[in-house]
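Read off the chains here:
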Amino acid sequence: MAQKTWRIGVAGLGTVGAGLLTFLAERPDFAPAGGRATVTGVSARSRSRPRPFDISNLPWFDDPVALANSPETDVFVELIGGSDGPAKAAVEAALRAGKPVVTANKALIAEHGADLAALAEAKGAPLLFEAAVMGGTPAVKMLREAMVGDDVKSVAGILNGTCNYILTEMEATGRSFAEVLGEAQRLGYAEADPTMDVGGFDAAHKISILAALAFGCAPNYAAAEIEGIEGVDLLDIQLARDLGYRIKLVASADRSPDGVLVRVHPSLAPLAHPLAQAGGALNALFIEGTRIGRIFIQGPGAGSGPTAAAVAADIADVMTGAVRPVFQKPATDLKPFTPVDPSKSLGRAYLRLSVKDEPGVIAAVTETLGDAGVSIESFLQKPVEKADGVPIVLTTHAVAESVLKAAIERIAALPAVLDRPRLLRIARI
Ligand code: HSE
């Protein structure tokens, strides 16, 4: 029987696009169901930009919407990026035409996933986005397919390789955030505008998508609580280590009877914990199911080959004809989750204070915390030669965020406390 040839239109020819074109040129018959996948049209911002592969023989489209609508495009692959603009317009055009869409665009899915799912399902067109979260590491399929027999309670992990690289380098080399970021930009590891990564927004997009898949809700990016790593001080990395922890940018989504809490924070993980052990640009994720228990995956969250492999796996699903809702329920039944008020959430905390080195200061701090209802778990004062005060650092037992914040205000007002206390969460992992 003649095998079908699937004509693939690829919009966006950056790192991932390069990986995909290279792979499909070498292995057009990679899909387990048989058939061939051949690129029959490309689109990008610049046609003439130097690229590591030849596109001169491929039909060129200035407008990705035209590529999506082309009669020569059976499957539209969107690798442009950005939550709106040309990426969204082209994905919508392809879905409106009833064409399968494969995308690596986490911002698009996190911010418009419910509407796009409704359009895709109304048109009977698959909308697949394995590459949007953890690059080549299969987190999306794990939640969308393998975990449907369980009730997921929580997902938590390291979802941004740039932040993980920066934090790892700061600890390994004793350099500041700004120094390591500058070097990462010079080497091309970090974007010229690193805000999406270091501000925690990229991780928040990804955890919003995972929360939707885990809990059968529409993505609710607006409800995510987001803190990036710009304020992580080398001193905190060193003090956390003295206490037996490593600072990681942890993205988490937890379900409780009150709703879902989605957060991204620089957080302390015990040194021996697998999340603390995931160094460099690695991504890592825990999934906790009611019946399956805990699953841990780790792997590359970016890069040409790995991310293109995830895109190719989605193309293979299209070729197989697998049909399932975009999230865990038909789009007509999808609702955004109810966000939990973060001030009510319970957690352990790390607090660093800069205090005057004089009698009675520690007593004043501990008494203030005690009065506010915060129980101290450990306490460390390092003799540091600093004209502007000495650091003391403490960890707390589990405490409601609202109680902790009120206690911090009271500590900040003590005459012996010189700077605003630094709060970091201890990861609930
Ligand atoms: N910028 C992302 C990261 C990779 O640093 O992890 C693509 O999602």
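About the criteria used
Residues numbered from 1 in each chain as written. Predicted model: local features only at pLDDT ≥ 70, side-chain atom pairs only at ≥ 80, totals over all residues. Heavy atoms only, no water. Helix = DSSP H or I, 4+ residues; strand = E, 2+ residues; numbered from the N terminus. Rg over C-alpha atoms; globule rule 2.2 N^0.38 Å. Buried < 20%, exposed > 50% of the residue type's maximum accessible area, 1.4 Å probe, protein only. Contact = heavy atoms within 4.5 Å. Areas by Shrake-Rupley, 256 points an atom, 1.4 Å probe, with all protein chains shown as cover. Lys, Arg positive; Asp, Glu negative; His and termini not counted. Charge placed at Lys NZ, Arg CZ, Asp CG, Glu CD. Near = heavy atom within 4 Å. Polar contact = N/O pair within 3.5 Å; in protein donor to acceptor, adjacent residues only side chain to side chain. Nonpolar A, V, L, I, M, F, W, Y, C, P; charged D, E, K, R; others polar. Phe/Tyr/Trp six-rings, centres within 6.5 Å; stacked < 30°, edge-to-face > 60°. Lys NZ or Arg CZ within 6 Å of the ring centre and 35° of its normal. Salt bridge = Lys/Arg side-chain N within 4 Å of Asp/Glu carboxyl O. Axes fitted to C-alpha atoms, helices over the stretch in contact; angles between N-to-C directions. Left-handed = near helix turned anticlockwise from the far one by under 90°. Pairing = 2+ DSSP bridges. Domains from an automatic or database assignment. Buried area = accessible area lost by both parts, 1.4 Å probe.

Draft legend 1. A look at the overall build of the chain. Along the backbone of the chain there are 14 helices and 16 strands. The C-alpha radius of gyration computed for the chain amounts to 24 Å, which stays within 12% of the reference 22 Å derived for 429 residues, consistent with globular compactness. Expressed along its principal axes, the backbone C-alpha trace of the chain runs to roughly 85 × 45 × 35 Å. Looking at the chain as a whole, 54% of its 429 residues are labelled buried. Residue pairs at least 24 apart in sequence account for 73% of intrachain contacts in the chain once pairs closer than 6 positions are excluded. Split by element, the accessible area of the chain, about 17800 Å² in all, is 53% carbon and sulfur. Within the chain, one finds 41 positive and 48 negative side-chain charges whose respective centroids are separated by 4 Å.

Draft legend 2. Molecular detail of the environment of Val 198. Structurally, Val 198 can be placed in helix α8 (residues 195-198). On the basis of relative accessibility, which here comes to 4%, the residue Val 198 falls in the buried class. Between the C-alpha atom of Val 198 and that of Ile 166, which follows or precedes it by 32 residues, the distance is 9.0 Å. Contact partners of Val 198, with chain neighbours within four places excluded, come to Cys 163, Ile 166, Phe 177, Leu 181, Gly 228, Ile 229 and Glu 230.

Draft legend 3. The arrangement of the site of the ligand in detail. Taken together, the neighbourhood of the ligand is formed by Lys 106, Asn 160, Gly 161, Thr 162, Asp 197, Asp 202, Lys 206, Gly 301 and Ala 302. Side-chain polar atom of Asp 197 to a nitrogen atom of the ligand: 2.9 Å apart, as the coordinates give it. Alone, the ligand offers 260 Å² of accessible surface; in the complex the protein occludes 81% of this. Residue classes in the shell around the ligand are distributed as 1 nonpolar, 4 polar and 4 charged.

Draft legend 4. Fine view of the packing of aromatic side chains. Counted by the stated rule, this structure contains 3 aromatic pairs. An angle of 70° between the planes, with centres 5.1 Å apart, marks the rings of Phe 23 and Phe 30 as edge-to-face. Note on Phe 129 and Phe 327: the rings are 5.7 Å apart at their centroids and 40° apart in plane angle, and the pair reads as tilted. Placement of Phe 129 in the loop between β5 (127-128) and α5 (139-146) and of Phe 327 in the loop between α12 (304-320) and β12 (346-355) is noted, with a sequence separation of 198 residues between them. Residue placement shows Arg 294 over the ring face of Phe 286; its charged tip is 4.5 Å from the ring centre.

Draft legend 5. Spatial organisation of the side chain of Lys 248. Looking at the element boundaries, Lys 248 is found in strand β8 (residues 245-256). Although buried, Lys 248 forms no salt bridge, and the nearest oppositely charged side chain, Glu 171, lies 6.5 Å from it. Within the structure, Lys 248 has its side chain in polar contact with the side chain of Asn 164 (distance 3.0 Å).

Draft legend 6. Quick peek at the side chain of Asn 160. Note on placement: Asn 160 falls in the loop between β6 (152-158) and α6 (161-173). Relative accessible area serves as the criterion here: at 3%, Asn 160 is assigned to the buried category. Reaching out from Asn 160, the side chain makes a polar contact with the side chain of Asp 202 at a distance of 2.8 Å. Among residues more than four places away in sequence, those in contact with Asn 160 are Asp 197, Asp 202, Ala 203, Lys 206 and Asn 283.

Draft legend 7. Region of the structure containing the environment of Gly 17. Tracing the backbone through its elements, the reader meets Gly 17 in helix α1 (residues 15-26). Residue Gly 17 is classed as buried on the basis of its relative accessible area, which comes to 0%. Considered as a pair, Gly 17 and Glu 367 are 350 residues apart in the sequence and their alpha carbons are 58 Å apart. Not counting the four nearest positions on each side in its chain, Gly 17 is found in contact with Gly 12 and Leu 79.

Draft legend 8. Region of the structure containing the pattern of salt bridges. If you walk through the whole model with that rule in mind, you get 27 salt bridges. In this structure, the salt-bridge partner of Asp 317 is Lys 141, at a minimum N-O distance of 2.7 Å. Placement of Asp 317 in helix α12 and of Lys 141 in helix α5 is noted, with a sequence separation of 176 residues between them. For Lys 141, a relative accessible area of 16% corresponds to the buried category. With a closest N to O distance of 3.3 Å, Glu 183 and Arg 175 form a salt bridge. Taken together, the salt bridges that share partners define one network made up of Glu 225, Glu 227, Asp 233, Asp 236, Arg 263, Arg 352, Glu 401, Lys 405, Arg 422 and Arg 425.

Draft legend 9. The arrangement of the packing of helix α13 (residues 361-372) against helix α14 (residues 401-412) in detail. Close contact between α13 and α14 brings their axes to 9 Å; oriented N to C, the two are set at 145°. Relative to α14, α13 is oriented so that their crossing is right-handed. Along the contact surface, α13 presents Val 365, Thr 368, Leu 369, Asp 371 and Ala 372, while α14 presents Val 403, Ala 407, Arg 410 and Ile 411. Broken down by class, the residue content of the contact of α13 with α14 amounts to 6 nonpolar, 1 polar and 2 charged.

Draft legend 10. Region of interest: the sheet that holds strand β1 (residues 5-11). Pairing within the open sheet is parallel, and its 5 strands lie in the order β2-β1-β3-β4-β5. With partners counted over all chains shown, the strands left at the sheet margins are β2 (36-43) and β5, one partner each. Inspection of the sheet shows β1 paired to β2 by 7 bridges, in the parallel sense. Its bridge partner lying in β2, Gly 9 is registered against Gly 41. Set on the sheet, α1 makes contact with β1, β2 and β3 (75-78); between it and β2 the angle comes to about 145°.

Draft legend 11. Highlighting the domain arrangement of the chain. Each assigned domain of the chain is listed with its residue range as follows: domain 1 (5-136 + 309-333), domain 2 (139-300) and domain 3 (343-426). Taken residue by residue, the interface counts 19 residues in domain 2 and 16 residues in domain 3. Taking both sides of the interface into account, the surface hidden between domain 2 and domain 3 amounts to around 1500 Å²; carbon and sulfur atoms contribute 58%. Looking at the side of domain 2 facing domain 3, the largest losses of area belong to Leu 239, Leu 243 and Leu 268, adding up to 34% of the total buried there. Between the two partners, domain 2 and domain 3, sit 6 salt bridges. Seen at the junction of domain 2 and domain 3, the total is 7 residue pairs in polar contact (both at pLDDT 80 or more). Elements that contribute at least two residues to the side of domain 2 that touches domain 3 include exactly α10 (234-242), β8 and β9 (259-270). Broken down by element, the residue count for the side of domain 2 that touches domain 3 peaks at 6 residues, all from β9.

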